[in-house]
Number of protein chains: 2
Amino acid sequence: MKQVTVYDIAKEAKVSVATVSRVLNGTAPVRASTRAKIEAIMHRHQFQPNALARSLSKKETGIIGVILPDITNSFFPEVFSGIMQEGQETGYTFFLCDTMGQYDKESEFLNIMREKRVDGILFMGGRINLNDCDEALVQEVMEHANKIPLVLVNGNLKNANLTRVATDEYAGTMLAVRHLIELGHTRIGFIGGESHMATTMVKMRAYRKCLREAGLPIREEWVLPDDFSVDAGNRQMQRLLSQTERPTAVCCVNDFTAIGAMKTAIDQGMRVPDDISIVGFDDIVLARHFIPELTTVSQQASELGRTAVQVLRQLINQERVKKLTSLSPRLVIRQSTASPRSE
Amino acid sequence: MKQVTVYDIAKEAKVSVATVSRVLNGTAPVRASTRAKIEAIMHRHQFQPNALARSLSKKETGIIGVILPDITNSFFPEVFSGIMQEGQETGYTFFLCDTMGQYDKESEFLNIMREKRVDGILFMGGRINLNDCDEALVQEVMEHANKIPLVLVNGNLKNANLTRVATDEYAGTMLAVRHLIELGHTRIGFIGGESHMATTMVKMRAYRKCLREAGLPIREEWVLPDDFSVDAGNRQMQRLLSQTERPTAVCCVNDFTAIGAMKTAIDQGMRVPDDISIVGFDDIVLARHFIPELTTVSQQASELGRTAVQVLRQLINQERVKKLTSLSPRLVIRQSTASPRSE
DNA sequence: GTGAAAGCGCTAACAG
DNA sequence: CTGTTAGCGCTTTCAC
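Reading guide: rules and limits
- Here the residue index of a chain counts from 1 through its sequence in written order.
- Whichever chain is written first is A, and whichever ligand is written first is 1; the rest continue in order.
- In view of the model being predicted, local features appear only for residues whose pLDDT reaches at least 70, and side-chain atom pairs are presented and counted only at 80 or more, with totals across whole chains, interfaces and linings using the full set of residues.
- Here the side-chain values reflect all heavy atoms present in the structure, with hydrogen atoms and water set aside.
- Convention adopted: a line fitted to C-alpha atoms gives each axis, helices being fitted over their contacting stretch, and angles between N-to-C directions are expressed from 0 to 180 degrees.
- The helix and strand labels rest on DSSP assignments: H or I over at least four residues marks a helix, E over at least two residues marks a strand, and numbering proceeds from the N terminus.
- We call two directions roughly parallel when the angle between them is under 35 degrees, roughly antiparallel when it is over 145, roughly perpendicular when it lies between 65 and 115, and oblique otherwise.
- Rotating anticlockwise by less than a right angle from the far helix to the near helix defines a left-handed crossing, while the corresponding clockwise rotation defines a right-handed one.
- A contact between two residues is defined here by any heavy atoms of the two lying within 4.5 Å.
- Nonpolar residues are Ala, Val, Leu, Ile, Met, Phe, Trp, Tyr, Cys and Pro. Charged residues are Asp, Glu, Lys and Arg, and all others, Gly as well, are polar.
- Buried area: the sum, over both parts, of the accessible surface (1.4 Å probe) that disappears when the two are put together.
- What makes a salt bridge here is a side-chain nitrogen of Lys or Arg within 4 Å of a carboxyl oxygen of Asp or Glu, nothing more.
- Polar contact is defined as a pair of N or O atoms within 3.5 Å, subject to the rule that within protein one atom must be able to donate a hydrogen and the other to accept it, and that residues adjacent in sequence are counted only when both atoms are side-chain atoms.
- Throughout this document, a residue counts as near a molecule or strand when at least one of its heavy atoms sits within 4 Å of that molecule or strand.
- Helices are assigned an expected span. That span is 1.5 Å times one less than the residue count.
- Exposure categories follow from relative accessible area, calculated using a 1.4 Å probe and restricted to protein chains: below 20% of the type maximum is buried, above 50% is exposed, and the middle band is partly exposed.
- For the least-squares superposition of copies, only C-alpha atoms count, and only for residues with pLDDT at least 70 in both.

Chemist: Please clarify how the packing of helix α10 (residues 230–241) of chain A against helix α11 (residues 255–267) of chain A should be interpreted in this entry.
Modeler: A packed helix pair is summarised by two numbers, namely the angle formed by the two axes and the spacing between the axes. All names here are of chain A. Their axes nearest at 6 Å, the elements α10 and α11 cross at an angle of 45°. Judged on the interaxial angle alone, α11 and α10 are oblique. Like other packed secondary-structure pairs, α10 and α11 cross with a definite hand, here right-handed. Residues Val230, Ala232, Gly233, Asn234, Met237, Gln238 and Leu241 of α10 form the contact with α11, whose participating residues are Phe256, Thr257, Ile259, Gly260, Ala261, Lys263, Thr264 and Ala265. Residues of the contact of α10 with α11, tallied by class, amount to eight nonpolar, six polar and one charged.

Written as structure tokens, this is what we have:
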């Protein structure tokens, strides 16, 4: 019942373990006949080389550690899917850690990854999305990054100067707001996002910039941060609708809040997009299946994941790497936006 | 820059590596003073014990391998989330493999897991959902299961007699169909699901049983398998609506097809649930956010994941385990179902 | 309590 | 081409 090892194979083939190792890795020429014999024996015994032993001596595991805040949030499975596709093609395997948004879990997982000797780390969510992250937390990540290839995905850490790949959310939001303006909207609100998160700030900044550029007034009572959930969308749309002066369009921090906003608006008897236009951000899979289909900004999550792995691989291979790889989002126009009714 | 090892620690503390190992694992008493000294040194050097070396000698990794067919399908992240929660509490870590529905990838990952010496395997999707799985594929899994703890989650392999945990989909479907019948529906269709998949067959069987029990006729032209996608729902609802005699309610194989069916019905000018009632299966997160909110059967995905880990752990610890652990689904009544209009 | 030493299974010089 | 041997870093008897 004991696992067969290179020694067993070697003995049976009457060769040394070195030779067995050679056919296993193709690291040096081996006579065709002995190679064939060894392979036959390995096959017969269904030999499974012990990856632990191999990694221990090679000092590399072929494992990439992935930290993300919530696998249950459909954006992340898509990114992860891209990560896996890219990784599989290059023989990498993944160690996925879900921090459930807790910063101390990030620290914990970072350590576990180091113990497991992963070859590199992809860091998403949590502290790297904070606008003003605690110095100690930044420090910690920097120390790890000093010892092991690490890239921040869709986030940043002030003054840490780490390698990162991210969607250009500023540009993405401009796409969304300009779309609304081009449709003729002049009364545009913004919903969702915790205000201490970088995403929220960036998106709001882009939103304000656009309105200003277009010479439109910014009504602070229409700028309603909250969190990133569907419920946030519900709540803030409710608030918007309770005002006597209402916007005719709203830009949402992500698709979840957009969905919530849409639902509440419709439940209150409004029609989307006739009475109010709504645009989201992320283009989650179900966005196109809502009624009405959601206009949104696609982050191309899968592409983001692939790119992240490519960049990390360069880091692992000690190649030169751009400090920031920026991906351009795309506006996906569907049914939830239209020109305002002329009144 | 080199990693510090137990030897470095031992030397600095003027003790043997054995003692260092003892404080690391608490496997034997160590004098408090020397323990303190060692711990201080480890802390100072930020010592990270090499998990590979440890696993190699202990012959256990604390890793559970998880095979699933598509992390992008929101049902699986939820299951996985439950798996991780349960695992974390017991110190396990996970190796996630997405087969993207390809059977050969299942084989590949099974082998990789063996090489990585995971402590146990959780198998979801792919071949274990086939109603009639190729004998060789069954055999392969059986051989692995013979060597390593393995549990099938929401699936089965004929005559393999493997340990499994699964939702009772038969019961779940009965819940759904009976609900429709109790509402007064007599004309009920069934949409979606590939007919060679076990889920589909089980659910259809339950559907037929319910109708028969209630003395209702089964109209074969209203039983429309397809695949499990939103588009399948679109297509088959389209077909249903093109018939002159239409059902007043339809039971869908899962939430995706239900969403598709709903969307097509509404796009065609029907009202849900007024003109047609729709019930799904799974209770994905967004089900409650659709308009109308989707009535569905909850699999309690997260609970399923937790249970799977518990069972696997028992297997790993060589405890007695029930061959089948069955979870009861729950009907979640929301807005997409109502009594048929009396005409 | 603590130390010496033999593994765990594989890779990689080095020598031939 | 192939064999010998010394690691890789930790755990675990077995003595003392």
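Next, the rest of the story.
Chemist: Sorry, what's going on with the interface of chain B and chain A here?
Modeler: Put simply, an interface is often sized by how much accessible area is lost when its parts join up. With 51 residues of chain B in contact, the opposing surface of chain A contributes 52 residues. Taken as a group, Gln48, Leu52 and Arg117 of chain B account for 15% of the area that chain B buries against chain A, more than any other trio of residues on that side. Remark: the boundary between chain B and chain A carries two salt bridges. When the shortest N-O distance is used, the salt bridge between Glu293 of chain B and Lys263 of chain A registers 2.6 Å. Scanning the region where chain B abuts chain A turns up eight residue pairs in polar contact (both at pLDDT 80 or more). Of all the secondary-structure elements, those providing two or more residues to the side of chain B that touches chain A are α4 (51–58), α5 (75–89), β2 (93–98), α6 (103–115), α7 (135–147), α10 (230–241) and α11 (255–267) of chain B. Ranked by the residues each element gives to the side of chain B that touches chain A, the list is headed by α5 of chain B, at seven residues. Its residues assigned to classes, the side of chain B that touches chain A comprises 24 nonpolar, 14 polar and 13 charged.

Chemist: Looking at this structure, I do not really get the environment of Thr163 of chain A. What am I missing?
Modeler: Following the sequence through the fold, Thr163 of chain A ends up in the loop between β4 (150–153) and β5 (164–167). With 57 residues separating them in the primary sequence, Thr163 of chain A and Glu220 of chain A have C-alpha atoms 36 Å apart.

Chemist: Honestly, the protein's contact with DNA strand D in this entry has me stumped. Any pointers?
Modeler: Near DNA strand D lie 29 residues; those nearest to it are Thr19 and Arg22 of chain A together with Val6, Ser21 and Ser57 of chain B. Of everything in DNA strand D that lies within 4 Å of the protein, sugar and phosphate atoms constitute 66%. One nitrogen or oxygen atom from the side chain of Thr34 of chain A is found 3.3 Å from a phosphate oxygen belonging to DNA strand D. Ala53 of chain B is positioned with one of its backbone polar atoms (N or O) 3.4 Å from a base nitrogen of DNA strand D. For the surface near DNA strand D, the secondary structure elements donating two or more residues are α2 (17–25) and α4 (51–58) of chain A together with α1 (6–13), α2 (17–25) and α4 of chain B. It is α2 of chain B that contributes the most residues to the surface near DNA strand D, five residues altogether. Looking at side-chain class alone, the surface near DNA strand D contains 13 nonpolar, nine polar and seven charged residues.

Chemist: Looking at this structure, how should I read helix α8 (residues 169–182) of chain B?
Modeler: Counting along an α-helix, one turn takes 3.6 residues, and residues three or four places apart therefore face a common direction. All names here are of chain B. Helix length check: α8, at 14 residues, gives a terminal C-alpha distance of 20 Å against a target of 20 Å (1.5 Å per residue), a fit within 8%. Buried within α8 we find Glu169, Gly172, Thr173, Met174, Ala176, Val177, His179 and Leu180. N-cap assignment for α8: the residue whose side-chain oxygen lies 3.3 Å from the backbone N of Tyr170 is Asp168.

Chemist: Honestly, helix α6 (residues 103–115) of chain A in this entry has me stumped. Any pointers?
Modeler: Taking 1.5 Å of rise per residue, 13 residues should cover 18 Å, and α6 of chain A covers 19 Å from first to last C-alpha, within 8% of that figure. Within α6 of chain A, burial applies to Lys105, Glu106, Ser107, Phe109, Leu110, Met113 and Arg114 of chain A. The elements touched by buried residues of α6 of chain A are β1 (63–68), β2 (93–98), β3 (120–124) and α7 (135–147) of chain A together with α5 of chain B. Count one or two residues on from α6 of chain A and you reach Arg117 of chain A, which has phi positive near 55°.

Chemist: Looking at this model, I keep getting lost on the pattern of salt bridges. Mind explaining?
Modeler: All chains considered together, the criterion is met by 42 salt bridges over all chains. Linking Asp275 of chain A and Arg271 of chain A is a salt bridge whose minimum nitrogen-to-oxygen distance equals 3.7 Å. In this structure Arg271 of chain A comes out as partly exposed when scored by relative accessible area, which is 44%. One salt bridge in this structure joins Glu221 of chain B and Arg219 of chain B, with 3.1 Å as the shortest N-O distance.

Chemist: Just checking my understanding: could you explain the relation of the copies chain B and chain A for this structure?
Modeler: Here chain B sits on chain A after a turn of 180° about the axis and a move of 0.0 Å along it, with an RMSD of 0.1 Å. Read as a symmetry element, the transformation amounts to a two-fold axis. When the interface residues of chain B are mapped onto chain A, 100% of them are again interface residues, pointing to one common binding face.

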